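A structural walkthrough
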Amino acid sequence: MTGTNGKAMTIAQAYFDAMSNKNADQIVSISANDVVCISPVGELQGVQAFRSFQEGFASMIKALTLLAAFGDDEHAVIVYNAETYPVPSAVVAEHVVIKNGKIASTTVIYDGMPFAEYLKTVQPH
């Protein structure tokens, strides 16, 4: 990956914008039916599981700030700061792979420890 434009970069930017706007419908519309998402939470397969993952993330978001984006026609990397209700600042990196004009996979990298620490403070309903 050496460019900052191309098909993957365009789709990754649309993906980031949809996450920022908490728009799971838009994310699904640019994702393949068999999309794979790998994150510290585990591996999810399929567009419905990806939608659920994104809806859960959206419920925590206060704001996302794009820090860097690089890509070409098949791969993109986006790095952003997530300001969330449970954790005030979490830097996230995602490697997004595009096939046939859709998100085929995304690998999400972030430090899960602050979120785990937060969960320890939450009382069960």
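Parameters at a glance
Residues numbered from 1 in each chain as written. Predicted model: local features only at pLDDT ≥ 70, side-chain atom pairs only at ≥ 80, totals over all residues. Heavy atoms only, no water. Helix = DSSP H or I, 4+ residues; strand = E, 2+ residues; numbered from the N terminus. Rg over C-alpha atoms; globule rule 2.2 N^0.38 Å. Contact = heavy atoms within 4.5 Å. Areas by Shrake-Rupley, 256 points an atom, 1.4 Å probe, with all protein chains shown as cover. 1 Å grid on protein atoms, 1.4 Å probe; cavity = no way out; pocket = protein on both sides within 12 Å on 5 of 7 lines; lining within 4 Å. Points joined across faces, edges and corners; volume = space filled by probe spheres on them. Nonpolar A, V, L, I, M, F, W, Y, C, P; charged D, E, K, R; others polar.

1. Some remarks on the overall build of the protein chain
Each helix and strand counted, the protein chain has four helices and six strands in total. For the protein chain, whose C-alpha radius of gyration is 14 Å, the value lies close to the compact-globule estimate of 14 Å for 125 residues. Overall, the C-alpha framework of the protein chain stretches about 45 × 30 × 25 Å when taken along its three principal axes. Across the protein chain, every contact between residues at least 6 apart in sequence was considered, and the portion connecting residues at least 24 apart equals 49%. Within the structure as shown, the protein chain displays about 7,000 Å² of accessible surface, and the carbon and sulfur contribution to it stands at 55%.

2. Comments concerning the layout of surface pockets
Counted as a void, the largest pocket has a volume near 380 Å³. Considering the residues around the largest pocket, the lining is formed by 21 residues, among which Val41, Phe57, Met60, Tyr110 and Phe115 are closest to the centre. Every element with two or more residues in the lining of the largest pocket is listed here: helix 1 (7–20), helix 3 (47–60), strand 4 (75–84), strand 5 (90–99) and helix 4 (113–121). Per-element accounting of the lining of the largest pocket gives the leading share, six residues, to helix 3. The residue makeup of the lining of the largest pocket, split by class, is 16 nonpolar, four polar and one charged.

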